[in-house]
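In case you want the letters, here they are:
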Amino acid sequence: MRSKVIILLVALFLFLQPMVQTEAAISAYEPDIPLGNWKSPPASQLFKIDSSAENNFIHTEDWYVEVDGQRVGQMMLMRPKTDGSKGLTFAHKSTLKQWGQVLNGNPAYVESATTPRDIKNITYGTVYQRYYSRDIARSSGAHEPTIQGSGEYSEWGHRIGILKIKTTPFPKPSITGPATVKKGETVTFTISGEEFNPYKDWIKWKFNEGGTFLDDGQVYNNTFSKSVKVKFDNCGTKTLKLYVTDEVQREKSTTKTVKVEGCESNGGSKPVDPNPDPDEPEGVPKPPDSGEQGGAGSATGKAFWELRRAEVDQESKVYVKSGFRINGSHYATRNSSHSIQFGGRTVVQPGEIESMASGRSVKGSSLNYTFQYEYTNYPIGWQCSQSGTDKDGNSICLNWTFNSNPDWSKGQTFRLSGSIPINHKQGDTIKNSSLDNILGQKFLVGREDTWNPGKSSKGYFEQWEKTDDAPKSSYTLKTQSTLPITPGTLKYQVELPSGEHVKPGFQTLKKEKSHGFFFPADVDDSLKKDYKNRSSYSSYQYAFPLQQRVMKDKGMSGSKRSFEYEYVTDLFFTSKYTGYMVGTPYTQKVKQHFVKGTSIPSHSSLMKEGEQKIKSSFKEDTGKTFGDEVLYTKSESEMQRLQRYAIPVSPTSPLKPKEAYKNHIVLENMGLSDLVFEYDQSFKFNHYLFGSGADDAWIIEQVDDRQSISKSDAAHIHKIKISNDQVREIAVKENGRTTERMHKFRLVDRDFIKEVKSLVDLGL
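Residues numbered from 1 in each chain as written. Predicted model: local features only at pLDDT ≥ 70, side-chain atom pairs only at ≥ 80, totals over all residues. Heavy atoms only, no water.

This brings us to the overall build of the protein chain. Helix and strand counts for the protein chain come out as nine helices and 43 strands. Classification of the 764 residues of the protein chain by burial places 44% in the buried group. By sequence separation, contacts in the protein chain at least 24 residues apart represent 67% of the contacts at least 6 residues apart. When the accessible surface of the protein chain is summed, it comes to about 38,400 Å², and 47% of that surface belongs to carbon and sulfur atoms. (Helix = DSSP H or I, 4+ residues; strand = E, 2+ residues; numbered from the N terminus. Buried < 20%, exposed > 50% of the residue type's maximum accessible area, 1.4 Å probe, protein only. Contact = heavy atoms within 4.5 Å. Areas by Shrake-Rupley, 256 points an atom, 1.4 Å probe, with all protein chains shown as cover.)

Shown next as structure tokens:
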């Protein structure tokens, strides 16, 4: 089997080679797409081409086309504005048959099988359909085009190229066997053929004698050879004919004549009269044929595409399948064939087709499919198996034999076809002011055409819904308290045309599950270093990580599979009296559990880690020993309290009462579509948490006015004695006392009271 090499024509490298154009050439014929101004093209001259990663194409000039060394015409060149060394060449639909002819293809097949590319005007949105030179060559069975310079230049200074295409021959059929045979003798003929299509090894044949079927078939090879036994029941000159067809429907035939002898007697001077008695009937009438035995062509089945998580560490791929079966009632069928065009390639085979491609690479394209088969509703029927002559020398039939072989001279072809848009949103960012509005949307993950026998189409979706513990999108708080960081539990539903979602072990997400960030409006000073934003979302100062902790399989709900997403963030430990806060990387530990299979630490070890960090960080930040309590570390049920956003209470924070602020949330790797959700959590508070009366704070922290002892009840006066030495020692300690204040208003040395008590018996 010869090697098949398909070279993708993407970058067109030009070399100098002057050529002379012949007359009667095929025109580029582009009345609707005028030549563009390469140096400073207006937006109205810029186009986007379907299936091309390049943008802003301009019709800069037309290129010559040379076929087997002869100049035959021109094609339109579309060159990307960003790179003048690249380009794509196209032909108008009206010239397809001409190109099929000069490229030694089947012109009708080239016209019907070549898929157009959309060339869309960026300014007006107008779409023009043109035919890519590589696709035309493919449909013609010609080799992939190559490029050579013409020695000429466009007015923009670009070399005008020549598209050079080499053709291949039509298939070559052959029949070998005896030229003379005896009546009633079974002889062997060898039929063979070779095809030269450079893209696909595939060859089909039909072998007939007159209108009588002898053999047919197809193989996935570029040659075939087969022995066929033939018996001739009557004399005369017979014509054997072999038709050979390649994958691009180029057909070639050959004939062989065979002389059948053995019907003469008496030295061959005179035929034997089968009716020596003039009173005998003159032959046997032909029995009536059975008539049509079947109806019109019909098929059932379906073609579809769907997003599928083929590899857990990669984005979803687009999986396609096209499978149909003959549904019509016929006397005989043959040559059933499936065909798809998908992901830049064409697949043709007898059985159902499955294929897969990168989801992003085929996004915005289409799955084009066909199914066809040949059928006949007639047997060959009654044939004369013994002939003779009547008394007048006229030929008559003495015996009729029923030939039950299919009569392919009355054969027909049934064909169904369709095009399914692959218009998923894989990798898109879905932005909205709130998560609620995103959860109300459906995202396409599959499309299906079902034929039974008429066509019906259906879309398949994934979507998310809120559950009872989902946070609100907006908060109005009485004071500076806390807000939920995680999005709570989300309910996810999905349905796929293949039914893959029903299977055990069905995967929708990458290995690391869904994750993201919570970008707070501001954070406490003690968190700013650890939670400085280092993500790719660079417009925010601080970032708290988010990670899906578990995905609960809730089973089937009707035809859909349901799951629940739960999220975690880091654990934020807060001291009871000073309000000092630190964060520990719980999110990263959960992510490593999915990625590397590590265990999630126990509650006790997580709490121990948090307590150790708050003590060491407090000492590092203040120079004082931590003498406080850590909140919410006793019970696992309180872990949710450690995963909330504390609105910073420091007076240096820019957050002010009665003003609206937004925390921004990003969730990545959502569902089979690998979506990114971006939304806001808005909030405002009516009062500062701490402050003076002038601040209208929730908790007033200021020194009370001094009161004269004389005005107090003696029973409420507590007297202590402090010596001069003790006063001096207390003064020394007071002078050495830190001025560090937590949140700028609360002193951090909670052990000062103990130090004073150690000097003086306060009686407290």
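Another point: the pattern of salt bridges. Throughout the structure, instances matching the rule amount to 29 salt bridges. Between Arg 308 and Glu 500 there is a salt bridge, and its shortest N-O distance comes to 3.6 Å. A residue pair is termed long-range when its members are at least 10 positions apart, and Arg 308 in strand 17 (residues 299–308) and Glu 500 in the loop between strand 31 (490–494) and strand 32 (515–519) qualify at 192 residues. Within this structure, Lys 204, Asp 216, Arg 334 and Glu 374 form a network of salt bridges that share partners. (Salt bridge = Lys/Arg side-chain N within 4 Å of Asp/Glu carboxyl O.)

As summarised here, the arrangement of the three strands in space is 9-11-14, forming an open sheet in which the pairing is antiparallel. Both edges of this open sheet fall to strand 9 (172–176) and strand 14 (223–231), since each of them pairs with a single strand only. Pairs of neighbouring strands in the sheet enclose a mean axial angle of 20°, with direction left out of account. As paired strands, strand 9 and strand 11 (residues 186–194) are joined by five bridges and run antiparallel to one another. Across the sheet, residue Ile 175 finds its bridge partner in strand 11, namely Ile 191. (Pairing = 2+ DSSP bridges. Axes fitted to C-alpha atoms, helices over the stretch in contact; angles between N-to-C directions.)

All right, on to the sheet that holds strand 25 (residues 412–421) then. On the basis of which strands lie adjacent, the open sheet formed by four strands has the order 20-19-22-25 and antiparallel pairing. What marks the edges here is a single partner per strand, and that holds for strand 20 (345–349) and strand 25. Taken over all neighbouring pairs, the strand axes of this sheet differ in orientation by 15° on average, direction set aside. Across five bridges, the pairing between strand 19 (residues 332–342) and strand 20 is antiparallel. Directly across from Gln 341, in strand 20, lies its bridge partner Thr 346.

Here we take up the environment of Glu 111. Inspection of the secondary structure puts Glu 111 in helix 2 (residues 107–113). You can call Glu 111 partly exposed: its relative accessible area is 31%. In contact with Glu 111, other than residues within four places in its own chain, are Leu 96 and Lys 97.

Moving on, we get to empty space enclosed by the protein. Applying the stated criterion across every chain, the model contains two cavities of 30 Å³ or more. Each pocket or cavity is described by its volume, and for the largest cavity that value is around 120 Å³. Forming the boundary of the largest cavity are 15 residues, of which Leu 435, Pro 471, Lys 472, Tyr 679 and Gln 681 lie nearest the centre. Of all the elements in the fold, those that place two or more residues in the lining of the largest cavity are helix 5 (435–439) and strand 39 (675–685). Classifying every residue of the lining of the largest cavity by side-chain character gives nine nonpolar, three polar and three charged. (1 Å grid on protein atoms, 1.4 Å probe; cavity = no way out; pocket = protein on both sides within 12 Å on 5 of 7 lines; lining within 4 Å. Points joined across faces, edges and corners; volume = space filled by probe spheres on them. Nonpolar A, V, L, I, M, F, W, Y, C, P; charged D, E, K, R; others polar.)

Further remarks concern the pairing of strand 19. Each regular strand displays side chains that alternate between the two surfaces of the sheet. Counting buried residues along strand 19, eight of its eleven residues qualify, which places the element largely inside the surrounding structure. Relative to strand 22 (residues 366–376), strand 19 runs antiparallel, the two being bridged by eight bridges. Bridge pairing in strand 22 links Thr 333 to Tyr 375. Between strand 19 and strand 20, which pair antiparallel one after the other, the connecting turn spans two residues, and Gly 343 there sits at a positive phi close to 60°.

Turning our eyes to something else, we now look at unusual backbone geometry. Pro 453 follows Asn 452 through a cis peptide bond whose omega is -10°. Inspection of the secondary structure puts Pro 453 in the loop between strand 27 (442–451) and strand 28 (455–466). Its identity is not glycine, yet Gln 249 carries a phi of approximately 60°, on the positive side. Its place among the elements puts Gln 249 in the loop between strand 15 (236–246) and strand 16 (251–261). Phi is positive for Lys 513, close to 65°, though the residue is something other than glycine. Along the chain, Lys 513 turns up in the loop between strand 31 and strand 32. The buried category is assigned to Lys 513, whose relative accessible area is 14%.

Let us look at the state of the cysteines. For the structure on display, the rule yields one disulfide. Across the disulfide, Cys 384 is cross-linked to Cys 397 (sulfur-sulfur distance 2.3 Å). Between Cys 384 and Cys 397 the sulfur-sulfur dihedral comes to about 110°; the bridge is accordingly right-handed. With Cys 384 in strand 23 (residues 379–389) and Cys 397 in strand 24 (residues 395–406), this residue pair connects regions lying 13 residues apart in the sequence. Judged by relative accessible area, Cys 384 falls into the partly exposed class, the value being 27%. (Disulfide = S-S within 2.5 Å.)

Helix length check: helix 7 (residues 603–622) (20 residues) gives 28 Å between terminal C-alpha atoms against 28 Å at 1.5 Å per residue, within 8%. All buried positions along helix 7 are accounted for by His 603, Leu 606, Met 607, Gly 610, Ile 614, Ser 617, Phe 618 and Thr 622. Projected down its long axis, helix 7 shows its buried positions confined to an angular sector of 105°, all on one face. In helix 7, the exposed positions that point more than 90 degrees away from the buried face belong to Ser 604, Lys 608 and Glu 620. Just past helix 7, the residue Gly 623 takes up positive phi, approximately 80°. (Expected span 1.5 Å × (residues − 1). Arc of directions from axis to C-beta.)

With respect to the helices, strands and loops of the structure, Ser 140 is situated in helix 3 (residues 133–140). Given the relative accessible area of 0%, Ser 140 is considered buried. In this view, Ser 140 contacts Trp 99, Gly 100, Leu 103, Asn 104, Gly 105, Val 110, Val 248 and Arg 250; residues no more than four positions away in its chain are not counted.

What follows covers the side chain of Glu 462. With respect to the helices and strands, the residue Glu 462 is situated in strand 28. For the buried residue Glu 462, which engages in no salt bridge, the nearest side chain bearing the opposite charge is Arg 309, 7.2 Å off. Reaching out from Glu 462, the side chain makes a polar contact with the side chain of Tyr 492 at a distance of 2.5 Å. Those residues in contact with Glu 462 that sit more than four places away from it in its chain are Gln 441, Lys 442, Phe 443, Val 445, Tyr 492, Gln 493, Val 494, Met 670, Gly 671, Leu 672, Ser 673 and Leu 675. (Lys, Arg positive; Asp, Glu negative; His and termini not counted. Polar contact = N/O pair within 3.5 Å; in protein donor to acceptor, adjacent residues only side chain to side chain.)

We now examine the packing of aromatic side chains. All chains considered together, the criterion is met by 35 aromatic pairs. Each ring, one from Phe 518 and one from Phe 544, has its centre 6.0 Å from the other, and the planes form 5°; the classification is stacked. With a gap of 26 residues between them, Phe 518 in strand 32 and Phe 544 in strand 33 (residues 544–557) connect regions that are remote in the sequence. Taking the relative accessible area as the measure of exposure, Phe 544 reaches 2% and is therefore buried. When the ring of Tyr 645 is compared with that of Phe 683, the centres are 6.3 Å apart and the planes differ by 70°; the resulting orientation is edge-to-face. (Phe/Tyr/Trp six-rings, centres within 6.5 Å; stacked < 30°, edge-to-face > 60°.)

Right, let's get into the environment of His 92. Its location among the elements puts His 92 in the loop between strand 4 (88–91) and helix 1 (96–102). A residue is classified by how much of its surface remains accessible, and His 92, at 16% relative accessible area, is buried. As a C-alpha pair, His 92 and Tyr 128 span 36 residues in sequence and 9.7 Å in three-dimensional space. A distance of 3.0 Å separates a polar atom in the side chain of His 92 from a polar atom in the side chain of Ser 94.

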